[in-house]
Amino acid sequence: MKPRFISPTQAKNPREAAYLAALAADREQAFISDALSEWADAKEPSASEMGLATLIANVACREANSLDYAIGVLAKGGGDGAKEEKGKKREKSVRLKGRQRVVLRTALAQYKYCTRTPLYAIVDHAVECAKQYGGGPSFGAFTNALLRKLPPDPTTDRNDGARQHQQQREQQYLVFSAEEGDGSDTRPLPLPKGHSEEALAVRLSYPPFLVHLFIEEFGKAKAKLIMEAGNTFPPTMLRSRAADAAAPVLPLAGSDTREEEHESASAAAPVAGPAPMSGASKSLKLPWTTVNNLPPALHTPLPLPYTLGVVRSEKLFRQLTQDEGWYVTNGTPAGLLARLAQGAVARVFGSDDAGKGTREGGLRVLDLCAAPGGKGLAVWDVIREGQGHHTLALVMNDVNEEKTGRIRENLSKFGLEDKIHLTIGDGLTLTREELGRQMGSNIEGEGGKEEGGFDVVILDAPCSNAGVLGRRPEARWRLRDEALLRELEETQFSLLKHASEELLSGTSPRGEIWYMTCSILKGEDEGMVERACRELGLEVVVEGGKDLMMKVLPGEGQGGAFDGGFGCALRRRS
């Protein structure tokens, strides 16, 4: 019998919401982001409360291996990770029910990362959660005894009323941002030492299969950096919809004084520097930082067609998300799309002027798996609104009404609902005839001509998410063996085959498929391109003497802020 789903809406505080979200993820009943969104809709928490709940739940999920190991050591009375003994299998952790283990995971997640929260406060919250969800007073006593084995905070004296009052006051206004979870300022947990695959799987908290695969493909040193980057919280990034947009400024006039004070203090406080791959020094926590240093794969021959930056201020974030001129996106997919879209008109039509009048409707582009809409919007901004102001007939498609509804919301926000067409269909079976039927004659006067296929098909394929594990904490635990990867690779190939044979224009010999993933694994990226070229008669597009194929690894770029991802332009072999 499946365990009962406990709705996060019943949570009375962020820590309880984090526990229920982590529990739902552990039981594979819901994604953490969805569970916390449900809680936020019901309880309207502050930005600080939402940040704290997100931090705890994500760490409890993504670092389950290392937290479980620490639980086992503490339960046996230990405190330090022992050196691994060659050939000796790690002992099984203490036997707990799933709901009990998640109580302890969320407590240790707070202990490790919420370093400004005193240990006694973490223990008190954990004991209450243990009593309510873990089995009553007996498990509450077990939780208390286990967590008391953690090293106490040297400066925390529970009997010091003035200090306790000050700590509580600080907690009230504390904003837990993404950078809280980057590992730069953490309390240590007892974890195994050494560099064997088994030790890395525990200490960095990855399935052994995935650790082995990373090491096999990237070597141990780079694999370790990739896994460390996957244990950080990627920052929130936005791009401008116009080229050369000025960096946004946070207005202070008329703001809430207490929030202004907090924003000012946040801007001056030193925070974690970049993920290990960047090698840069620590930076100040400014409300906005413009990103100028891109990963090598994203360097473009033309100027970047937008301003990209990291936002760390809740107030500035709200301001920008209400502005039609800015869009929330990670730098990697935005950069891949910019690289592919710049020069697309010249590549497909043979000259930069061809899209301005040789064919009514201009470049025809289908975004096959488009939700929530950021890829199609990026293409529109670069080709239609950006460099060249080319005519563009853009169709955004996804598999069901729920997903196209999210696209519709974004298009409406940016005033594009009458300029970009939406269709619903499975990318594995969608036909030109069905697209023509749904589109009618509402795109740039093209009407039924769309049945001739598209000049560009954007295929952001379903994948393992191996490049965005910091952003999607549940994803790594689905990769415990080869089964899911093989299934995904067959789906990716089938989508490429259908796009090439059915959706790409039969009359445009230079038409392109832009194959993209948020994976970094060879089988889904370069290996899939090699297979498509071998079995489908495709070839990689060459531009400026180089293959138009790019891979970004997690933690690259300015401040280590970029996710992993892959992009490649393919066309029929000439």
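No experiment lies behind these values; they were computed from the predicted model shown.

1. Remarks on helix H19 (residues 482-503)
- Between its first and last C-alpha, H19 extends 30 Å over 22 residues, near the 32 Å set by a 1.5 Å rise per residue.
- Three or more residues of H19 are buried, namely Leu485, Leu488, Glu489, Gln492, Phe493, Leu495, Leu496, His498, Ala499, Ser500, Glu502 and Leu503.
- Two or three places before Ala483, at the start of H19, stands the capping residue Asp481, its side-chain oxygen 3.0 Å from that residue's backbone nitrogen.

2. Focus on the packing of aromatic side chains
- Enumeration over the complete set of coordinates arrives at 7 aromatic pairs.
- Ring centres of Trp288 and Trp326 lie 5.3 Å apart, and the angle between their planes is 75°; this geometry places the pair in the edge-to-face category. Here Trp288, found in strand E2 (residues 288-290), pairs with Trp326, found in strand E4 (residues 326-328); they are 38 residues apart in sequence, far enough to count as distant.
- Trp326 gets classed as buried once you look at its relative accessible area, which sits at 7%.
- The structure contains a cluster of three or more aromatic residues connected by ring pairs, namely Tyr206, Phe214 and Phe218.
- Between the NZ or CZ atom of Arg531 and the centre of the ring of Phe493, over which it lies, the distance is 3.8 Å.

3. Re empty space enclosed by the protein
- Evaluation of the coordinates by the stated rule reveals 2 cavities of 30 Å³ or more.
- For the largest cavity, the calculated volume is near 80 Å³.
- Taken together, 15 residues make up the lining of the largest cavity; nearest its centre are Ala229, Pro234, Pro554, Phe562 and Asp563.
- Among the residues making up the lining of the largest cavity, the classes are represented as 7 nonpolar, 6 polar and 2 charged.
- As for the second largest cavity, its lining consists of Tyr206, Phe214, Ile226, Gly230, Ala466, Gly467, Leu469, Gly470 and Pro554.

The rules behind each value
Residues numbered from 1 in each chain as written. Predicted model: local features only at pLDDT ≥ 70, side-chain atom pairs only at ≥ 80, totals over all residues. Heavy atoms only, no water. Helix = DSSP H or I, 4+ residues; strand = E, 2+ residues; numbered from the N terminus. Expected span 1.5 Å × (residues − 1). Buried < 20%, exposed > 50% of the residue type's maximum accessible area, 1.4 Å probe, protein only. Polar contact = N/O pair within 3.5 Å; in protein donor to acceptor, adjacent residues only side chain to side chain. Phe/Tyr/Trp six-rings, centres within 6.5 Å; stacked < 30°, edge-to-face > 60°. Lys NZ or Arg CZ within 6 Å of the ring centre and 35° of its normal. 1 Å grid on protein atoms, 1.4 Å probe; cavity = no way out; pocket = protein on both sides within 12 Å on 5 of 7 lines; lining within 4 Å. Points joined across faces, edges and corners; volume = space filled by probe spheres on them. Nonpolar A, V, L, I, M, F, W, Y, C, P; charged D, E, K, R; others polar.

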